[in-house]
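Residue strings, one per chain:
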Amino acid sequence: MRKERLVVVGNGMAGCRAVAEVLKRDPGRYEVTIFGAEPRVNYDRIMLSPVLAGRNPSPTS
Ligand SMILES: Cc1cc2nc3c(=O)[nH]c(=O)nc-3n(C[C@H](O)[C@H](O)[C@H](O)COP(=O)(O)OP(=O)(O)OC[C@H]3O[C@@H](n4cnc5c(N)ncnc54)[C@H](O)[C@@H]3O)c2cc1C
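Residues numbered from 1 in each chain as written. Predicted model: local features only at pLDDT ≥ 70, side-chain atom pairs only at ≥ 80, totals over all residues.

1. What to know about the overall build of the protein chain
Secondary structure summary: the protein chain contains two helices and two strands in total. Overall, the protein chain shows an N-to-C arrangement of helices and strands of β-α-β-α. The C-alpha atoms of the protein chain give 15 Å as radius of gyration, which overshoots the globular expectation for 61 residues (10 Å, by more than 25%). Dimensions of the protein chain, computed from C-alpha atoms along their principal axes, come out at roughly 50 × 25 × 15 Å. By the burial criterion, 0% of the 61 residues in the protein chain qualify as buried. Long-range contacts, defined here as pairs at least 24 residues apart, represent 64% of the contacts in the protein chain between residues at least 6 apart. (Helix = DSSP H or I, 4+ residues; strand = E, 2+ residues; numbered from the N terminus. Rg over C-alpha atoms; globule rule 2.2 N^0.38 Å. Buried ≥ 20, exposed ≤ 12 C-beta atoms within 10 Å, placed from the backbone. Contact = placed C-beta atoms within 7 Å.)

As structure tokens, then:
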């Protein structure tokens, strides 16, 4: 059976978290396409400040 297409505009944390949840709930249903405006893959902006400050980026620190 042909999959439905799920298109997300914005390769940020909210969009990718939503995609992860959709895939968890119904793994085979969608063919997913994500458009991003930035020339790099998704990254965790929340960890940017500690990483740039040279602190351990581990979530447990
Ligand atoms: C340095 C820094 C430190 C932070 N620290 C914390 C913290 O400690 N705790 C906390 O809770 N929050 C923190 N934040 C905020 C947190 O990162 C944001 O709240 C979160 O990233 C929002 O996620 P989002 O997916 O809604 O938006 P974004 O992460 O901004 O993602 C949106 C994406 O959509 C893309 N986009 C937008 N328009 C288009 C378009 N028309 N076409 C294609 N792509 C498009 C953008 O390029 C971007 O990649 C921090 C942010 C920064 C910058």
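2. Some remarks on the site of the ligand
The environment of the ligand is formed by 15 residues, the closest being G10, G12, A14, A37 and R45. For the shell around the ligand, the elements supplying multiple residues, two or more each, are α1 (13-25) and α2 (48-52). If you tally residues by element for the shell around the ligand, the top one is α1, at three residues. When grouped by side-chain class, the residues that make up the shell around the ligand number seven nonpolar, six polar and two charged. (Near = placed C-beta within 6 Å. Nonpolar A, V, L, I, M, F, W, Y, C, P; charged D, E, K, R; others polar.)

3. Observations regarding the confidence of the model for the protein chain
Put simply, the protein chain has an average pLDDT of 90, and 92% of its residues get 70 or more. Taking the mean pLDDT of every element in the protein chain, the minimum, 91, falls on α2 and the maximum, 97, on strand β1 (residues 4-9). (pLDDT = per-residue confidence, 0-100.)

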